[in-house]
Amino acid sequence: MLDNVSVEFDLSDSKSQHLKVQILYKPNKLTQEFCLPLWTPGSYKVRDHAQFIYNFKAQQDGINLILERVGTSKWTCNLKNNSPIELNYFVETREAGVRNSYMDNEYAAFTLSNLVMLIIEKRYSPHTLRLLLPRYWKAHLTLNNVDKVYTALNYDQIVDTPVIAGKFSTKS
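Residues numbered from 1 in each chain as written. Predicted model: local features only at pLDDT ≥ 70, side-chain atom pairs only at ≥ 80, totals over all residues. Heavy atoms only, no water.

1. Digging into the overall build of the protein chain
Convention followed: A helix here means a DSSP run of H or I that spans at least four residues, while a strand means a run of E at least two residues long, and both kinds are numbered starting from the N terminus. Each residue gets one of three labels from its accessible area relative to the maximum for its type: buried under 20%, exposed over 50%, partly exposed in between, using a 1.4 Å probe on protein chains only. Contacts are residue-level and defined by heavy atoms, with any inter-residue pair within 4.5 Å sufficient. A 1.4 Å probe and the Shrake-Rupley method give the accessible areas. Residues count as covered only by the protein chains that appear here.
A tally of regular secondary structure across the protein chain gives 1 helix and 16 strands. Counting all 172 residues of the protein chain, 45% fall into the buried class. Partitioning the contacts of the protein chain with sequence separation of at least 6, the portion at a separation of at least 24 is 68%. A total accessible area of about 9500 Å² is found for the protein chain, and carbon and sulfur atoms account for 49% of it.

So this is what it looks like as structure tokens:
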């Protein structure tokens, strides 16, 4: 169960410019480390993506875990067992650009390196991404898509994938 890392973005409140992120996975170790990269693919300047994260919580078996912030963009926690972990947090998405993420009631343009936490022990595990979109929105991204679940081979592939979503029209 949950051999992969399951990521879900909830864009249902797009006008607030706050993206809800949920990550589910099954840990292998009793000490977990999570972080956001200090880089963005294609832009190798050091970034502080964690400044846009708030209400970061981790749960296991319905119980909140104690998260310790050990760096600018790194957290750890200790587990009692290896049952699945649920990470939840919000990200402010107010800056458009190739290094940032932006969302409003018309469209969203995401750079995933500032949205998806790296679970250190799961870097090379498959990742899936599900988008909960507002009504009439469509999403476009380069990952394989089966039943609106996008699949990446690993963390590096998912964060190297831009996401564009919105009320798109097609012309013939």
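2. Regarding the side chain of Ser-101
What counts is decided by this rule: Between N or O atoms, a polar contact is any pair within 3.5 Å; within protein, one atom must be a potential hydrogen donor and the other a potential acceptor, and residues adjacent in sequence are included only when both atoms are from side chains.
Relative to the helices and strands, Ser-101 is located in the loop between strand 8 (85-92) and strand 9 (102-103). Among the polar contacts made by the side chain of Ser-101, one reaches the main-chain amide nitrogen of Thr-111 at a distance of 3.0 Å.

3. Here we look at the pairing of strand 4 (residues 53-60)
Applied cut-off: When DSSP finds two or more bridges between two strands, those strands count as paired.
Where strand 4 lies against strand 8, 6 bridges are found, and the strand directions are antiparallel. Its bridge partner lying in strand 8, Ile-53 is registered against Val-91. Examined bridge by bridge, strand 4 and strand 5 (residues 63-64) share 2 bridges and lie antiparallel to one another. Note that in strand 5 the partner of Gln-59 across the bridge is Asn-64. The antiparallel hairpin formed by strand 4 and strand 5 contains 2 residues in its connecting segment, where Asp-61 sits at a positive phi of about 55 degrees.

4. Section: the pairing of strand 6 (residues 68-71)
Here strand 6 runs beside strand 7 (residues 74-78); their pairing, made up of 3 bridges, is antiparallel. The residue of strand 7 that forms the bridge with Arg-69 is Trp-75. Linking strand 6 to strand 7, which pair antiparallel, is a turn of 2 residues.

5. Focus on the side chain of Ser-14
Along the chain, the position of Ser-14 falls in the loop between strand 1 (5-10) and strand 2 (18-25). Within the structure, Ser-14 has its side chain in polar contact with the backbone oxygen of Asp-104 (distance 3.3 Å). Residue contacts for Ser-14: discarding those within four places in its chain leaves Met-103, Asp-104, Asn-105, Pro-134 and Trp-137.

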